[in-house]
Structures are given as structure tokens and as C-alpha cells.
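# Report on the structure
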Amino acid sequence: TVSGLALVTIIMNITGYRTPWTGRFYTLLDPTYAKEHIPIIASVSEHQPTTWSSFFFDLHILVLLIPAGFYFCFKKLTDANIFIILYCISSVYFAGVMVRLMLVLAPAACVMGAIGVSSTLKTYIAIMKKPPVAKKSSKNDTTLSSEREIASVMVLGITALLCFYVFHCTWVTGEAYSSPS
């Protein structure tokens, strides 16, 4: 079936029913292609490589949550987790090659960040829900209370970061991307 598909594609290319790939496509695979062969494509601002400041500006807290999502996906490998890992890695590559492809990275970053937040909160909320220990041992009480305090601080910290993220997204949508300049 693969050879048949390749044969059909070759015949369609030869007869003109399918157009060949453009310079923009080749630029995705080799970022120096347009600069060397088609300078007009390289001169368009949305075809430029993405700067680090654009990643931080567009993704905000997701820049920190994506590695956490990777950790939890690799910790429990399933078909779905492998898919999101490959999708996120390829999206990061393509977004780094061309600034307009940040739109491809955004959904993958949101899903991977959500996995990171969800798994982290699940861990700390489970600690907070532990019932108090019945026996009165000073060492165990201190350990349990400090675990609960740390878990509470982490849950409040993550909640605050997510609130800041909402404010940032609202501001970016209203000011940075809505202005006609």
C-alpha cells in the first residue's frame, strides 16, 4: 500500500494534478533554505525564527509547566501520552523555525501544561486530604503537619500562578493582539 501511494503521488506530480512543495515547506525542514534560495520568503517577518521573548510572552507560565507535563507523561507512558509528547516536541521545533507557527504550539503547550498542573495538584491535594494520625508521636505529628503546610503552600502558589496567567492572557488578547498597529 505504501508503494502504491508513492506511485500515485509520483504520477500526480508528473501529470500536474498535485503541485510540488513550496519554499515555505522546505524552510520548515531546513531553516536556511529560504535564505539561500528564495530571499523573498526569508524577508517576510512572519517567516522569521521565533525569539525567546516571543515564547515567554505568548506562553507565559506554560514555559515552566511544559517540562512538568513531559515528566508526568514519561512517568506513565500510554498511547495518548506518547502522542502528546511527539505533538509537543514537533510543535516546539516548528514554532522555533517560523514565528507564525506559534499557533501550532499553543494547543500542545496548553495540553502539556494542563497535564503538569493536574498531576502536580493531584499529588499535593492527596497529601492535604490525608486523615490525621491517631497516635500522638511528636515526630510523626510534626512531619504530617509540615507536609500539609508544604502542600497548602504549593496549592496556593499554583493557584496564584494560574490567576496571573489568566490576567496575562486577558491583557495580551485585549492589548497586544487586538491593536491594529
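Data block above holds the structure.
Let us look at the structure shown here. Since this is a predicted model, take the numbers as computed values, not measurements. (Residues numbered from 1 in each chain as written. Predicted model: local features only at pLDDT ≥ 70, side-chain atom pairs only at ≥ 80, totals over all residues. Heavy atoms only, no water.)

### With respect to the overall build of the chain
Going by this rule: Strands here are runs of E lasting at least two residues and helices are runs of H or I lasting at least four, both read from the DSSP assignment and numbered beginning at the N terminus. Exposure classes here rest on a 1.4 Å probe applied to the protein chains alone. A residue is buried below 20% of its type maximum, exposed above 50%, and partly exposed in between. A contact between two residues is defined here by any heavy atoms of the two lying within 4.5 Å.
Looking only at helices and strands, one finds 9 helices and 0 strands in the chain. Written out in order from the N terminus, the α and β elements of the chain read α-α-α-α-α-α-α-α-α. A buried classification covers 25% of the 181 residues belonging to the chain. Taking as baseline every contact in the chain between residues at least 6 positions apart, the subset at least 24 positions apart corresponds to 63%.

### With respect to the pattern of salt bridges
Just so we agree on the cut-off: The salt bridge criterion pairs a side-chain nitrogen of Lys or Arg with a carboxyl oxygen of Asp or Glu, the two atoms within 4 Å.
Within this structure, the stated rule accounts for 1 salt bridge. One salt bridge connects K130 with E147, and the closest N-O pair in it is separated by 3.7 Å. Taken together, the residues span a long stretch of sequence, with K130 in the loop between α8 (102-128) and α9 (138-176) and E147 in helix α9 at a distance of 17 residues. K130 sits in the partly exposed class, given a relative accessible area of 38%.

### Regarding the nonpolar core
The test is simple: To define a nonpolar core, start from buried Ala, Val, Leu, Ile, Met, Phe, Trp, Tyr and Cys residues and group those joined through side-chain atoms within 4.5 Å.
Judged by nonpolar contacts, the single largest core of 22 residues is most densely connected at L59, L105 and M112. Those elements that provide at least two residues to this core are α5 (52-59), α6 (62-75), α7 (79-97), α8 and α9. Per element, the largest residue contribution to this core is 7 residues, and it comes from α8. When near neighbours in sequence (up to four residues on either side) are disregarded, M112 contacts L65, I66, G69, F70, C73, I84, I85 and C88.

### Details of the packing of α5 against α8
The criterion, for reference: Axis definition: a line fit to C-alpha positions, over the contact stretch in the case of helices; interaxial angles, taken between N-to-C directions, run 0 to 180 degrees. Working definition: roughly parallel below 35 degrees, roughly antiparallel above 145 degrees, roughly perpendicular at 65 to 115 degrees, and oblique for all remaining angles. Note: crossing handedness is left-handed where the near helix turns anticlockwise from the far helix by less than a right angle, and right-handed where it turns clockwise. Each residue is assigned to one of three groups, with Ala, Val, Leu, Ile, Met, Phe, Trp, Tyr, Cys and Pro labelled nonpolar, Asp, Glu, Lys and Arg labelled charged, and all others, Gly among them, labelled polar.
Relative orientation of the contacting elements α5 and α8 amounts to 45°, with a least axis distance of 11 Å. Taken as axis vectors, α5 and α8 run oblique relative to one another. Considering how the two elements wind past one another, α5 and α8 form a crossing that is right-handed. When α5 is examined against α8, the residues S54, F55, D58 and L59 are found in contact with a partner set consisting of M102, L105 and A109. The residue makeup of the contact of α5 with α8, split by class, is 5 nonpolar, 1 polar and 1 charged.

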